[in-house]
Amino acid sequence: MNNINEKDLEFLNSTPLWTAVITPLHEDQTVDLDSLERILRAQEEAGNGILILGSTGEALNLNLEERKNILNFTIDLDLKVPLMCGVGGINLNETCEWVSYLDGLDIDAYLLVTPLYAKPGNEGQYHWFKTLMDVSNKPVMLYNVPSRAGIGLSLEAVKRLNGHRAFWAIKEASGSVEMFAKYVEAANGGRVYSGDDAMLPAFTPLGAKGLVSVAANPWPAETNKYVRDCLNGELNESDAQMWIEASNTMFVCSNPVPAKWLMKEQGQIETAVLRPPLSLKDMTKESIVKSANDKIKNWRK
């Protein structure tokens, strides 16, 4: 397997903000491709990298045909920003087959999540990630999300994988400053991104290279400015606090429920329909999200 092309890495590193894009649905639960195109074009206009089929995109609740259709539709738009695809699962052989399929598509990188539910230890995680990275011909971002996976990304596995030809970055979503610093050290020069919108101001002094964002769904241009100001040391304390509070409203119930609700309110998507087991009936704090939206929309006007 060839090493990753340096030009490919330059393209990936050209944007500090990746949007974990939602999957808009019609009332009948089918994928709303018209709304999806509007979302993707808005992200492109803002200059944000796109992460498709992540947990925010409800990927585990989409069937194989739907996932393939979403990927092909997105690729056919010929977007001028980098495209990353989420890869999650619990069956290694099936996940390897999926990565092999993705390798044939015009995708720039993969987000590999810690195996779900099984809670593997250091050796189990090392074997899982190395096997997938050996198959991959694209750069890989490893994803630490203990709140969803049930276990943190193994630091020991990262230390053994940081020299792999496919290793590119880590998305760190533990919510812990201490853990973020440990992943930066374990990555040994690999890029580490905040996986939590609200934690970017705290993570930037520790070496964060950017953000993989939920808030950028309803606020693509505003979140891009927030990230760049933060990384450039231009975000003052009061703006940082406003962004922390506002972006946290995207998690007043399970993601992506608040994001979809707000995007429907703003006319960015036709419906706020979700796939079970997620339900719009859990969205009971509308006023908090509305208030946050007003603050973001009036920020630095």
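Residues numbered from 1 in each chain as written. Predicted model: local features only at pLDDT ≥ 70, side-chain atom pairs only at ≥ 80, totals over all residues. Heavy atoms only, no water.

Can you explain the environment of phenylalanine 251? Please cite residues and give values.
Considering the arrangement of structural elements, one finds phenylalanine 251 in the loop between α11 (237-248) and α12 (257-265). With 36 residues separating them along the chain, phenylalanine 251 and alanine 215 place their C-alpha atoms 9.7 Å apart. Residues contacting phenylalanine 251, with those up to four places away along its chain left out, are Val214 and Pro258. (Helix = DSSP H or I, 4+ residues; strand = E, 2+ residues; numbered from the N terminus. Contact = heavy atoms within 4.5 Å.)

Give a detailed account of α12, specifying residues and quantitative values.
When you tally the buried positions in α12, you get seven out of nine residues, the bulk of the element. Turning to α12, its buried residues number three or more, namely Val257, Pro258, Ala259, Lys260, Trp261, Leu262 and Met263. Tucked into the core, α12 has its buried residues touching α2 (33-46) and α13 (286-297). Residue glycine 267 follows α12 closely and has a positive phi angle near 80 degrees. (Buried < 20%, exposed > 50% of the residue type's maximum accessible area, 1.4 Å probe, protein only.)

Tell me about the packing of aromatic side chains, and name the residues and values.
Applying the stated criterion across every chain, the model contains seven aromatic pairs. Ring plane angle 10 degrees and centroid distance 4.1 Å describe the contact between phenylalanine 180 and phenylalanine 203, whose orientation is recorded as stacked. Here phenylalanine 180 is found in helix α8 (residues 177-187), whereas its partner phenylalanine 203 is found in helix α9 (residues 200-203), with 23 residues between them in sequence. Their ring planes at 10 degrees and their centres at 4.4 Å tell us that tyrosine 226 and tryptophan 243 sit as a pair that is stacked. With tyrosine 226 in helix α10 (residues 220-231) and tryptophan 243 in helix α11, this pair connects stretches of sequence that are 17 residues apart. An identical accessibility class is assigned to tyrosine 226 and tryptophan 243; each is buried. When the ring centre of tryptophan 98 is taken as origin, the NZ or CZ atom of arginine 67, which lies over that ring, is 5.0 Å away. Above the ring of tyrosine 126, the side-chain terminus of arginine 160 is found at 3.7 Å from the ring centroid. (Phe/Tyr/Trp six-rings, centres within 6.5 Å; stacked < 30°, edge-to-face > 60°. Lys NZ or Arg CZ within 6 Å of the ring centre and 35° of its normal.)

Run through the packing of α2 against helix α3 (residues 64-76), naming residues and quoting values.
Where α2 contacts α3, the two axes come as close as 11 Å, and the packing angle between them is 45 degrees. Regarding the angle of α2 to α3, the classification is oblique. Here α2 runs over α3; the crossing is right-handed. Residues Leu33, Leu36, Glu37 and Leu40 of α2 lie in contact with α3, whose contacting residues are Ile70, Phe73 and Thr74. By residue class, the composition of the contact of α2 with α3 is five nonpolar, one polar and one charged. (Axes fitted to C-alpha atoms, helices over the stretch in contact; angles between N-to-C directions. Parallel < 35°, antiparallel > 145°, perpendicular 65-115°, else oblique. Left-handed = near helix turned anticlockwise from the far one by under 90°. Nonpolar A, V, L, I, M, F, W, Y, C, P; charged D, E, K, R; others polar.)

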